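In case you want the letters, here they are:
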Amino acid sequence: MALITYLTKIQFEVGSRRLLGAELEALGAKAPLIVADKGVVAAGIVAEVVAAGGLPADATVFDGTPENPTEEAVFEAVALFKSAGCDSVVAIGGGSPLDLAKAVSLMATHPAPLAQYAAILGGIGRIGKDKPPVIAVPTTAGTGSEVGRAALLTLADGRKLGFISPFMIPDVAICDPELTLGLPPRLTAATGMDALTHCIETYLSPRDNPPAEAIALDGLKRVAGNIRTAVADGSDLAARTEMMMAALEGGMTFQKGLGAVHSLSHPLGGLKELRLHHGTLNAVLLPAVLRYNAVGAEAKFARLGEALGAGPDADLAAEIVALNRDLGMPETLAAMGVPKDVLPQISEAAVLDHSTATNPRPIGAPEFLAILQEAWG
Ligand SMILES: [Zn+2]
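Rules used in this analysis
- Residues numbered from 1 in each chain as written.
- Predicted model: local features only at pLDDT ≥ 70, side-chain atom pairs only at ≥ 80, totals over all residues.
- Heavy atoms only, no water.
- UniProt positions renumbered as here; feature names shortened; annotations may be inferred.
- 1 Å grid on protein atoms, 1.4 Å probe; cavity = no way out; pocket = protein on both sides within 12 Å on 5 of 7 lines; lining within 4 Å.
- Points joined across faces, edges and corners; volume = space filled by probe spheres on them.
- Helix = DSSP H or I, 4+ residues; strand = E, 2+ residues; numbered from the N terminus.
- Nonpolar A, V, L, I, M, F, W, Y, C, P; charged D, E, K, R; others polar.
- Pairing = 2+ DSSP bridges.
- Axes fitted to C-alpha atoms, helices over the stretch in contact; angles between N-to-C directions.
- Contact = heavy atoms within 4.5 Å.

- Per an unreviewed UniProt entry, the protein goes by the name Alcohol dehydrogenase 2 and belongs to Acuticoccus mangrovi.
- The UniProt entry for the protein carries the following text under Cofactor (unreviewed entry): "Fe cation".
- According to the UniProt record, the Sequence similarities (unreviewed entry) comment for the protein is "Belongs to the iron-containing alcohol dehydrogenase family."

Here is the structure:
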């Protein structure tokens, strides 16, 4: 049987940040911990959301979210949550602060160690609903984490693992496209390609969920029709709104599960010293994975080609290569600085990733390695 669930309350509107205070009140929360990163604070976005949302100007802010969120940062933020007497978490930022905020809510009430809650270590059933509420305010259009059930965290031992549960889904998502207007072109492109990858991978997942597939195709159409404009002219609010909806739709389809692109981008994103951007990794890996997954998927590939605006007979991998080039994305993993000698270790880690189970074509370490070598250049 198909498992089909939609849980998050979503406020999607230009200017919806003004609803933050009312949504906190509706949750019975009075003292939020705001989880952000230094970039979002420096850009003035946290102050803007706090003021517009009617929160006190001295609200407690944790700005120490790293580029890829870590176990260490989770516990730093939990310590602040407790010492400041917080009762809720408001995430303001891209996927990293959103994922960190979910983990802060988890560890505010669940006993350590964090690793025991990782999906591949049997953690799904250990995550209960007794957690402080989370409101997600995305400032990028990409991760879909605002409605997703997963948090991706790098443990102290270097593993980047998924923490997944319906109880990890934020209670409220406040999607205000104006908050993405200042996102620079490179990040607009990279986060937009993450959203595009979510739509494609969840659509191709073999799990039976027709509503999610329809949402994925709709999201893909919106990315294809707007990503070039949003990158070329960041002030285009209509394109920004479409991209934010596409990212949301990509997140609403996570319940189908992702695939081999994410199986590989998760361990690559865990390489701490390289600090590789998740969306950029997906953009670079996607063509090689599509070539691998094309076998036996002709009907679905035809519909993806139509949603992309390239027609049912399109060569999807070639379309993505061309899109990446238009957006100024790097063309290879080598160009991103990934050393060739880590590829075998990444292919082994990808086998264990939670996304591997829903790749449309069975895949193991040798196939992952071949894909990595192709994407490396
Ligand atoms: Zn992603």
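That shown, we press on.
1. Observations regarding the layout of surface pockets
Thought 1: Roughly 280 Å³ of volume is contained in the second largest pocket.
Thought 2: As for the second largest pocket, its lining consists of 15 residues, of which Arg159, Lys160, Leu161, Pro267 and Ala349 are closest to the centre.
Thought 3: Counting residues per element, the ones that place at least two in the lining of the second largest pocket are strand E7 (160–164) and helix H13 (343–352).
Thought 4: At four residues, the largest contribution of residues to the lining of the second largest pocket is made by H13.
Thought 5: Considering only residue class, the lining of the second largest pocket consists of seven nonpolar, five polar and three charged.

2. Quick look at the sheet that holds strand E8 (residues 172–175)
Thought 1: Spatially, E1-E8-E5-E4-E2-E3 is the arrangement adopted by the six strands of the open sheet, whose pairing is parallel. Edge strands, defined here as strands with exactly one partner in the open sheet, are strand E1 (9–12) and strand E3 (60–62). Mean inter-strand twist for the sheet, computed between neighbouring axes without regard to direction, equals 20°.
Thought 2: The sheet contact formed by strand E2 (residues 32–35) and strand E4 (residues 88–93) spans four bridges and is parallel. Across the sheet, the residue bridging to Pro32 is Ser88, located in E4.
Thought 3: Where helix H5 (residues 95–109) meets the sheet, it contacts E2, E3, E4 and strand E5 (134–138), and its direction lies at approximately 170° from that of E4.
Thought 4: With respect to the sheet, helix H8 (residues 237–252) is in contact with E1, E5 and E8, its orientation differing from that of E1 by roughly 170°.

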